[in-house]
Amino acid sequence: MHQQAIQISVQGIVQGVGFRPFVYRLAGKMQLKGSVANSSNGVFIELQGTKKAIATFCSRLENEPPPVSRITSITIKEISVQKQRSEFIILPSLQAEQANTQISPDIGLCSDCIRELFDRRDRRHRYPFINCTNCGPRFSIIKTIPYDRPNTSMDVFTLCPQCEREYHDPLNRRFHAQPNACPTCGPSLSWHDEDGESITANDCIAACAEALARGKIVAIKGLGGFHLAVDATSISAVATLRERKHRREKPLAIMVRDLEQAREYCLISEQEEELLSSHRAPIVLVEKRNNTILAENLAPGIGILGLMLPYTPLHHLLLADHNCPHALVMTSGNLSGEPICTGNDEALARLHGLADHFLLHNREIVTRVDDSVVRVMAKKARMLRRARGYTPEPLLLAHQTKNVLGCGAEMKNSFCIVRNNEAFISQHIGELTSPLALDFYTESITHFQNILETDFQAVTCDLHPDYLSTRFCEKLPQPCKQVQHHHAHGAAVMAEHGLDGPVLAVIFDGTGYSDDGTVYGGEWYLADRRGYTRLAHLSLLPLPGGDVAAGEPWRMAMAMLYMAAGTNALELQRLPEALLQIDTGKRAVITQMITQKINCPLTSSCGRLFDAVAGLLGLCLIADYEGQAAMQLEHQAAMAGVAQRTNRYNPALKDKEGVLILDSRPLIRQIVEDLQQNVAIPVIAYGFHQWLQDGSIEILRQLRQQTGLDTVVLAGGSFQNKILLEGITTGCIDIGFSVFSGEQVPAGDGGIALGQAYAAMQG
Ligand code: ZN
Ligand code: ZN
Ligand code: FE
């Protein structure tokens with residue numbers, strides 16, 4: 001039969017995911033000769049055989065690749081037929097000039113490995129580091145590329161003969177599984193007391209489960225960092241953790257054994273189940289059920305809970321232990337504001353006093369990766385925190401460009417490197433305020449440059465002169481473009497959806513620096529990739545004390561009362577009851593600041609408006625975490641019965657020199673009246689959401705007339721609010737708009753870096 005020979009080059013996530021064995025087996029089945037090899041430029045395949053076999057091979061390569069691989073491009077080239085090709089072989093890795101291969105994110109334990117883990121006859125029975133090419137650590141253990149064992153933190157473990165055989169057997173599931181290990185040759189656990197002294201334990205997992213059952217706090221070394229674990233069904237254990245971590249109310253995520261258990265505690269949709277059990281295994285925010293055995297102080301004042309399933313063998317073993325509590329708090333092992341711990345010594349030092357025990361292991365975590373957080377809203381999975389399971393998978397952009405570094409913002413920082421048409425968003429770095437966080441940030445940028453083998457021709461950052469990311473950016477030698485915070489928010493959504501604009505962008509956010517001296521945050525922009533015009537915004541509010549006001553919603557409530565009803569609204573007998581809980585002296589100081597305009601910058605922030613309303617309603621006077629007031633207000637609104645869901649507050653629009661303003665003062669006056677009439681809190685909370693939705697849609701309707709545009713982009717941290725995102729999305733679609741919002745990219749500041757890079761890109 002007529003012979004053909006071709007060369008195929010495959011790019012994408014094709015290394016460390018069982019790609020070569022798949023190719024090897026497929027070629028064998030099709031009786032094709034040739035070779036396959038990894039290079040830092042992708043996977044190279046040479047094939048020789050009948051035309052028909054080659055065609056079948058190509059179609060199966062494209063349509064049935066290994067489960068966790070992701071092909072971004074396949075190039076096929078015909079080459080000359082050679083007589084000496086008599087078999088199909090796997091060649092050693094080749095080095096290529098430019099890195100085009102992507103590193104796989106860390107992958108949750110696969111079903112084959114779970115089966116072996118609990119199989120008494122298997123040699124890896126109960127081995128906490130079992131993995132194969134379809135699962136296991138990746139990004140978190142990689143020091144450099146190409147992805148080969150000597151370039152990972154598995155380099156210190158020498159494969160035993162049995163593991164070695166598996167590693168070299170193309171038909172084995174562990175063929176070239178770089179972290180391959182077994183109890184004989186691989187990493188192992190150790191059990192320690194609060195001072196780090198090692199305790200001899202027959203079974204570290206059993207010891208850990210038993211400690212957790214006694215209400216102890218255990219620091220557990222995981223995949224991308226440490227968790228602090230505690231019994232999630234014990235109020236006192238959770239309270240102790242809160243006390244030690246100085247977290248009064250921040251919601252704590254939990255891990256449960258399986259979906260069945262999860263359904264006992266939460267209402268979970270099919271889409272949410274799929275996310276929970278996917279190989280990315282993120283934390284999914286789901287609706288809490290009432291009256292479960294879960295401790296009520298897990299997520300005070302809100303109706304949702306962060307839930308995840310076991311994703312490492314260690315987690316599977318722990319949750320399966322008969323002593324282990326049915327649900328475990330698994331919160332990141334750090335002090336507030338600092339990055340999550342990764343090293344054993346580091347954890348023993350930094351978590352000393354927080355944890356009663358340490359469950360350690362000796363596989364080094366090279367790269368810190370937090371758990372990702374996802375919420376299903378408006379029918380789509382939305383990334384709230386992008387990290388483990390997702391990083392460093394790139395987004396494909398509609399443009400080819402020079403390489404750009406987006407430095408991100410300050411809160412929930414991530415950075416972004418655009419290489420050609422791929423945008424690599426870093427894992428969640430966190431609050432860029434501590435020296436430790438800054439180290440994590442700069443080291444991660446260097447690491448990404450190294451594994452992407454790339455440098456940047458341009459760099460970009462926020463307008464805010466005091467963000468550490470801005471200062472870092474300004475010191476770089478490349479030309480720097482500063483991008484306004486909310487333009488970056490909008491541009492991130494445009495980048496994700498391949499839009500160039502112009503669009504109408506609604507940005508509901510906390511705060512962002514602007515050129516005009518006020519703090520932005522509730523904006524309607526006419527935006528394209530490169531720039532924006534502000535067409536409308538929320539009415540201005542004073543921020544008593546500047547940034548401090550963001551953490552103290554009662555201050556915003558006072559500011560709002562003053563704006564709505566003047567000085568006399570701040571008199572004692574007129575104050576809503578909730579505000580009377582605040583110390584008289586403190587109130588007097590803030591009153592003076594507001595009335596005399598001392599240290600009170602003005603803001604159009606949507607987040608601060610949420611704060612003001614939550615403060616007036618007494619839901620949250622002093623916040624323990626960012627977004628708390630808004631989350632509690634959303635929860636109250638969600639509790640409103642169907643009959644209580646009315647648009648009781650009419651949006652009032654003003655035109656100020658061609659800029660539309662959604663005036664919140666009449667709203668506040670009505671809310672205060674409702675409070676005096678003892679209208680139920682959920683009714684007011686829902687009415688407020690509806691007011692913002694109605695106002696937004698009315699503004700968009702007017703802006704469409706003015707501009708002729710009918711594409712809407714929704715962005716900014718306030719769109720992590722399900723009622724708001726779904727309400728405005730549906731409302732816009734109903735009147736004929738096309739609506740886009742963040743899915744792969746967080747709506748909050750975690751998405752800023754991509755927006756900056758997109759806005760700064762050439763071409
Ligand atoms: Zn596996
Ligand atoms: Zn071994
Ligand atoms: Fe923001």
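Scroll up to find the structure this text is about.
This one's a predicted model, so the numbers in the text were calculated from it and none came from an experiment. (Residues numbered from 1 in each chain as written. Chains lettered and ligands numbered in written order. Predicted model: local features only at pLDDT ≥ 70, side-chain atom pairs only at ≥ 80, totals over all residues. Heavy atoms only, no water.)

Trainee: An account of the overall build of the protein is requested, with residue identities and associated values reported.
Mentor: What the protein contains, in helices and strands, is 21 helices and 30 strands. Over its C-alpha atoms the protein spans a radius of gyration of 28 Å, differing by no more than 12% from the 27 Å that the globule rule assigns to 763 residues. Summarising its shape, the C-alpha atoms of the protein cover approximately 90 × 60 × 50 Å along the three principal directions. Buried positions account for 61% of the 763 residues belonging to the protein. Summarising the internal contacts of the protein: among those between residues at least 6 apart in sequence, 71% fall at separations of at least 24. Accessible surface for the protein amounts to roughly 29,000 Å². Of this, 48% is attributable to carbon and sulfur atoms. Across the protein, the mean location of the 71 positive side-chain charges is 4 Å away from that of the 81 negative side-chain charges. (Helix = DSSP H or I, 4+ residues; strand = E, 2+ residues; numbered from the N terminus. Rg over C-alpha atoms; globule rule 2.2 N^0.38 Å. Buried < 20%, exposed > 50% of the residue type's maximum accessible area, 1.4 Å probe, protein only. Contact = heavy atoms within 4.5 Å. Areas by Shrake-Rupley, 256 points an atom, 1.4 Å probe, with all protein chains shown as cover. Lys, Arg positive; Asp, Glu negative; His and termini not counted. Charge placed at Lys NZ, Arg CZ, Asp CG, Glu CD.)

Trainee: Run through the layout of surface pockets, naming residues and quoting values.
Mentor: What the second largest pocket holds in volume is close to 880 Å³. Together, 36 residues line the second largest pocket, and Glu 287, Lys 288, Gly 303, Ile 304 and His 635 are the ones closest to its centre. Looking at the lining of the second largest pocket, the elements that each hand over two or more residues are strand 12 (283–288), strand 16 (373–377), helix 17 (628–638), helix 19 (681–707) and helix 20 (722–734). Within the lining of the second largest pocket, the residues separate by chemical class into 17 nonpolar, nine polar and 10 charged. Structurally, the lining of the second largest pocket is a two-domain feature, drawing no fewer than three residues from each of domain 2 (189–361) and domain 3 (538–705). (1 Å grid on protein atoms, 1.4 Å probe; cavity = no way out; pocket = protein on both sides within 12 Å on 5 of 7 lines; lining within 4 Å. Points joined across faces, edges and corners; volume = space filled by probe spheres on them. Nonpolar A, V, L, I, M, F, W, Y, C, P; charged D, E, K, R; others polar. Domains from an automatic or database assignment.)

Trainee: Outline helix 5 (residues 204–213), supporting the account with residue identities and numerical values.
Mentor: Each full turn of the α-helix corresponds to 3.6 residues, which orients residues three or four apart in the same direction. Counting buried positions over the 10 residues of helix 5 gives seven, a clear majority of the element. Listed in full, the buried residues belonging to helix 5 are Cys 204, Ile 205, Ala 207, Cys 208, Ala 209, Ala 211 and Leu 212. Tucked inside the fold, the buried residues of helix 5 contact strand 6 (189–193), strand 8 (218–221), strand 9 (226–231), helix 9 (313–320), strand 14 (327–332) and strand 15 (357–361). Near the N-terminus of helix 5, the side chain that reaches the backbone nitrogen of Ile 205, with its oxygen 3.0 Å away, is that of Asp 203. (Polar contact = N/O pair within 3.5 Å; in protein donor to acceptor, adjacent residues only side chain to side chain.)

Trainee: So, the coordination of the zinc ion (ligand 1): which residues are in play, and what are the values?
Mentor: Around the zinc ion (ligand 1), the donor atoms from the protein are Cys 110 (SG), Cys 113 (SG), Cys 132 (SG) and Cys 135 (SG), and they sit 2.3 to 2.4 Å away. One can describe the site at the zinc ion (ligand 1) as tetrahedral: its four donor atoms subtend angles covering 102 to 121° at the metal. Of the residues examined, Cys 110 reaches a relative accessible area of 12% and is grouped as buried. A residue is classified by how much of its surface remains accessible, and Cys 113, at 0% relative accessible area, is buried. (Donors = N, O, S within 2.8 Å, 3.2 Å for Na, K, Ca; no water. Tetrahedral: all angles 85-135°; square planar, octahedral: opposite > 155°, others 65-115°.)

Trainee: Would you mind going over the packing of aromatic side chains in detail, with residue names and values included?
Mentor: One pass over the structure, following the stated rule, counts 12 aromatic pairs. Relative to Phe 719, the ring of Phe 508 has its centre 5.3 Å away and its plane inclined at 10°; by these criteria the two rings are stacked. Taken together, the positions of Phe 508 in strand 22 (residues 503–512) and Phe 719 in the loop between strand 29 (711–715) and helix 20 put the pair 211 residues apart, joining distant regions of the chain. Judged by centre distance (6.1 Å) and plane angle (20°), the rings of Phe 688 and Trp 691 are stacked. With Phe 688 and Trp 691 both in helix 19 and three residues apart, the pair spans about one turn of that helix. The same class applies to Phe 688 and to Trp 691, which are both buried. Through a chain of ring-to-ring contacts, three or more aromatic side chains come together here, namely Phe 139, Phe 415, Tyr 441, Phe 448 and Phe 472. Directly above the aromatic system of Tyr 520 lies the positively charged group of Arg 534, at a separation of 3.6 Å from the ring centroid. For the cation-ring pair, Arg 704 lies above Phe 737, with the distance from its terminal atom to the ring centre recorded as 4.1 Å. (Phe/Tyr/Trp six-rings, centres within 6.5 Å; stacked < 30°, edge-to-face > 60°. Lys NZ or Arg CZ within 6 Å of the ring centre and 35° of its normal.)

Trainee: Give me the pairing of strand 14: which residues, what numbers.
Mentor: As a general feature of sheets, a regular strand has side chains that alternate between the two faces. Burial runs high along strand 14: six of the six residues are buried. Across the two faces of strand 14 the burial is the same, with Ala 327, Val 329 and Thr 331 and Leu 328, Met 330 and Ser 332 all buried. The pairing of strand 9 with strand 14 spans five bridges and is antiparallel. For Leu 228, the partnering residue across the bridge sits in strand 14 and is Thr 331. Two strands pair when backbone bridges link them, and strand 10 (residues 254–256) and strand 14 are joined in this way by three bridges, in the antiparallel orientation. Residue pairing across strands places Ile 254 opposite Val 329, the latter belonging to strand 14. (Pairing = 2+ DSSP bridges.)

Trainee: Lay out the coordination of the zinc ion (ligand 2) with the relevant residues and their values.
Mentor: Those donors, Cys 160 (SG), Cys 163 (SG), Cys 182 (SG) and Cys 185 (SG), are the protein atoms that reach the zinc ion (ligand 2), and they lie 2.2 to 2.4 Å from it. Each of the four donor atoms around the zinc ion (ligand 2) contributes to a set of angles spanning 104 to 117°, which defines the coordination as tetrahedral. If you list the donors of the zinc ion (ligand 2) from N- to C-terminus, the spacing comes out as C-x2-C-x18-C-x2-C.

Trainee: Tell me about helix 9, and name the residues and values.
Mentor: Burial runs high along helix 9: seven of the eight residues are buried. Of all the residues in helix 9, the buried ones are Pro 313, Leu 314, His 315, His 316, Leu 317, Leu 318 and Leu 319.

Trainee: Residue-level account of the side chain of Ser 372, with values.
Mentor: As for its placement among the helices and strands, Ser 372 is situated in the loop between strand 15 and strand 16. Side-chain polar atoms of Ser 372 contact the backbone oxygen of Arg 388, separated by 2.8 Å. Apart from the residues within four sequence positions on either side, Ser 372 is in contact with Pro 282, Ile 283, Arg 385, Arg 386, Ala 387, Arg 388 and Tyr 390.

Trainee: Before we move on, could you go through the environment of Leu 580 and cite the residues and values that matter?
Mentor: Mapped onto the elements, Leu 580 comes out in the loop between helix 14 (553–565) and helix 15 (584–595). Leu 580 sits in the partly exposed class, given a relative accessible area of 39%. The spatial distance from the C-alpha of Leu 580 to the C-alpha of Gly 618 is 9.8 Å, given a sequence separation of 38 residues. Setting aside residues up to four positions removed in sequence, Leu 580 forms contacts with Leu 572, Leu 575 and Arg 587.

Trainee: Tell me about the side chain of His 315, and name the residues and values.
Mentor: Mapping His 315 onto the fold places it in helix 9. His 315 gets classed as buried once you look at its relative accessible area, which sits at 1%. Beyond its immediate stretch of four places on either side in the chain, His 315 contacts His 227, Met 255, Pro 310 and Met 330.

Trainee: Can you tell me about empty space enclosed by the protein, naming the residues and giving the values?
Mentor: Inspection of every chain in the model, using the stated rule, returns six cavities of 30 Å³ or more. Quantified by volume, the largest cavity comes out at close to 150 Å³. Lining the largest cavity are 18 residues, with Pro 128, Leu 223, Thr 312, Pro 313 and Arg 363 sitting closest to its centre. Of all the elements, helix 9 adds the most residues to the lining of the largest cavity, at three residues. Split by residue class, the lining of the largest cavity holds 10 nonpolar, six polar and two charged.

Trainee: So, the pattern of salt bridges: which residues are in play, and what are the values?
Mentor: It is possible for side chains bearing opposite charge to pair when their charged atoms get close. Taken as a whole and assessed by the stated rule, the structure comprises 39 salt bridges. When the shortest N-O distance is used, the salt bridge between Arg 60 and Glu 64 registers 3.1 Å. Ionic pairing is found between Arg 280 and Glu 393, a salt bridge with its closest N-O pair at 3.1 Å. Here Arg 280, found in the loop between helix 8 (270–276) and strand 12, pairs with Glu 393, found in the loop between strand 17 (380–385) and strand 18 (395–406); they are 113 residues apart in sequence, far enough to count as distant. You can call Arg 280 partly exposed: its relative accessible area is 21%. (Salt bridge = Lys/Arg side-chain N within 4 Å of Asp/Glu carboxyl O.)

Trainee: Tell me about the environment of Leu 305, and name the residues and values.
Mentor: By the secondary structure assignment, Leu 305 is in strand 13 (residues 304–308). Exposure remark for Leu 305: the relative accessible area of 1% places this residue in the buried category. Sequence spacing of Leu 305 and Leu 252 is 53 residues, and the spatial spacing of their C-alpha atoms is 7.7 Å. Setting aside residues no more than four positions away along its own chain, Leu 305 makes contact with Leu 252, Ile 254, Cys 266, Val 284, Leu 285, Val 286, Lys 288, Leu 294, Leu 298 and Ala 299.

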